[in-house]
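Next come the chains, spelled out residue by residue.
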Amino acid sequence: MSDQVAAAKTSDQAASRAALMKLLFFAATLAILPISSYFFTEKYVWSGNSNYAAITAICAANIVLIAYIVISVVEDKQSFKEVEEKKLSGTKKEQ
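Starting afresh in each chain, residues are numbered from 1 along the sequence in its written order. Residues qualify for local features only when their pLDDT is at least 70, as the model is predicted, and side-chain atom pairs are given and counted only at 80 or more; totals for whole chains, interfaces and linings, by contrast, use all residues. Think of the side-chain values as coming from all heavy atoms in the structure, minus any hydrogens and water.

Caption draft 1: Examining the side chain of Ser37 more closely. With respect to the helices and strands, the residue Ser37 is situated in helix α1 (residues 2-45). When a residue's accessible area, from a 1.4 Å probe over protein chains only, is under 20% of the maximum for its type it is buried; when over 50% it is exposed; and in between it is partly exposed. Take Ser37: its relative accessible area is 12%, and that puts it in the buried class. Contacts were defined at the residue level, with two residues in contact if any of their heavy atoms lie within 4.5 Å. Sequence-distant contacts of Ser37, defined by excluding residues within four places in its chain, comprise Thr56, Ala57 and Ala60. Segments assigned H or I by DSSP are reported as helices when at least four residues long, segments assigned E as strands when at least two residues long, and all are numbered from the N terminus.

Caption draft 2: Seen up close, the side chain of Glu42. Structurally, Glu42 is set in helix α1. Buried within the structure, Glu42 lacks any salt-bridge partner; Lys43 is the closest side chain of opposite charge, at an N-O distance of 9.5 Å. In this tally, Asp and Glu contribute negative charge and Lys and Arg positive charge; neither His nor the terminal groups of the chain are included. Whenever a carboxyl oxygen of Asp or Glu lies within 4 Å of a side-chain nitrogen of Lys or Arg, that contact is scored as a salt bridge.

Caption draft 3: Layout of the UniProt feature "transmembrane region" (unreviewed entry) in the protein chain. UniProt positions are given in the numbering used here, feature names are shortened, and annotations may be inferred rather than shown by experiment. Following the UniProt record, the feature "transmembrane region" (unreviewed entry) maps to residues 20-40 and 52-71 here. Regarding residues 20-40, the helix share stands at 100% and the strand share at 0%, and the terminal C-alpha atoms are separated by 30 Å. Split by type, residues 52-71 is 100% helix and 0% strand. Its first and last C-alpha atoms lie 29 Å apart.

Caption draft 4: A look at the pattern of salt bridges. In total, this model carries one salt bridge according to the counting rule given. One salt bridge connects Glu75 with Lys22, and the closest N-O pair in it is separated by 2.9 Å. With Glu75 in helix α2 (residues 50-94) and Lys22 in helix α1, the pair connects residues that are 53 residues apart, well separated along the chain. For Glu75, a relative accessible area of 41% corresponds to the partly exposed category. Classification of Lys22 as buried rests on a relative accessible area of 16%.

Caption draft 5: Structural detail: unusual backbone geometry. Even without glycine at this site, Ser47 takes up a positive phi of about 55°. Position of Ser47 among the secondary structure elements: in the loop between α1 and α2.

Caption draft 6: Fine view of the packing of aromatic side chains. Aromatic pairs are defined between Phe, Tyr and Trp rings, using the six-membered ring for Trp, whenever the two ring centres lie within 6.5 Å; interplanar angles under 30 degrees are classed as stacked, those over 60 as edge-to-face, and all others as tilted. Applying the stated rule across the entire model yields five aromatic pairs. Residues Phe40 and Tyr44 carry aromatic rings whose centres are separated by 5.2 Å and whose planes lie at 45° to one another, so their mutual orientation is tilted. Here the residue Phe40 and the residue Tyr44 both occupy positions in helix α1, the gap between them amounting to four residues, near one helical turn. The class of Tyr44 is exposed, set by a relative accessible area of 55%. One aromatic cluster is present, built from ring pairs that chain together Phe25, Phe26 and Tyr68.

Next up, the structure:
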């Protein structure tokens, strides 16, 4: 029984670490990508038009946010499937 508890704690810590790393990655991306896209597109794409560059930065920020939401939902569905599979395998072992 204690081996199962230790394994569960280890997997919980690994999941927490993975979630933290994902959050830090998206936070850094959300901080860097819109600002860099603003200045890059203002200088090289839109030839000094700051309105279009601002729209580009807003789109970049929204893309990062949407990507974070999609990845979170997909991971949540995967973890839900894993829990259901464990429940099913547990009930089969009991029978």
